[in-house]
Amino acid sequence: AATAACSYLQVAILSHALHRRLGGSVMDGALPTFAKTLLGTLVMTAAGLGALHLMSGWPVSRLFNVARVAVVVPVAAATYWLAARALKIESLDLLTGARAKRKG
């Protein structure tokens, strides 16, 4: 929680500094992007919890815990990627290089 709080504080401080130096356009579109990211995260969470629920009958052991992680992480990542594509979250293109491919 402390790391997350510090991250948000750092974003606020840097945003304020950029706003002072570059003007008001620095944070244009931040709220819709935040809302889309939050929605994508909620969809990803639901998919991850759903996958965990489907594996709830598995025995509790180190091997099965590793298997759960091996299933949930790719399911959650793929779900977020699909949700981000459907919501047209532009920052996803920065990670995947899709914007550069479209321009080039």
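Thresholds applied
- Residues numbered from 1 in each chain as written.
- Predicted model: local features only at pLDDT ≥ 70, side-chain atom pairs only at ≥ 80, totals over all residues.
- Heavy atoms only, no water.
- Phe/Tyr/Trp six-rings, centres within 6.5 Å; stacked < 30°, edge-to-face > 60°.
- Buried < 20%, exposed > 50% of the residue type's maximum accessible area, 1.4 Å probe, protein only.
- Helix = DSSP H or I, 4+ residues; strand = E, 2+ residues; numbered from the N terminus.
- Expected span 1.5 Å × (residues − 1).
- Polar contact = N/O pair within 3.5 Å; in protein donor to acceptor, adjacent residues only side chain to side chain.

Peer 1: How would you explain the packing of aromatic side chains if you had to name every residue and give the values?
Peer 2: Considering all chains together, one arrives at one aromatic pair under this definition. Ring centres of Trp-58 and Phe-64 lie 5.9 Å apart, and the angle between their planes is 65°; on these two criteria the pair is classed as edge-to-face. Classification of Trp-58 as partly exposed rests on a relative accessible area of 31%. Accessibility expressed as a relative area gives 30% for Phe-64, which makes it partly exposed.

Peer 1: Let's hear about helix 3 (residues 62–87): which residues, and what values?
Peer 2: Spanning 26 residues, helix 3 covers 37 Å between terminal C-alpha atoms, matching the ideal 38 Å at 1.5 Å per step. For helix 3, the full list of buried residues reads Arg-68, Val-72, Ala-76, Thr-79, Ala-83 and Ala-84. The positive-phi residue at the C-terminal boundary of helix 3 is Lys-88, with phi of around 60°.

Peer 1: An account of the side chain of Thr-79 is requested, with residue identities and associated values reported.
Peer 2: Here Thr-79 lies in helix 3. Residue class for Thr-79 comes out buried when judged on its relative accessible area of 18%. Side-chain polar atoms of Thr-79 contact the backbone oxygen of Val-75, separated by 2.7 Å.

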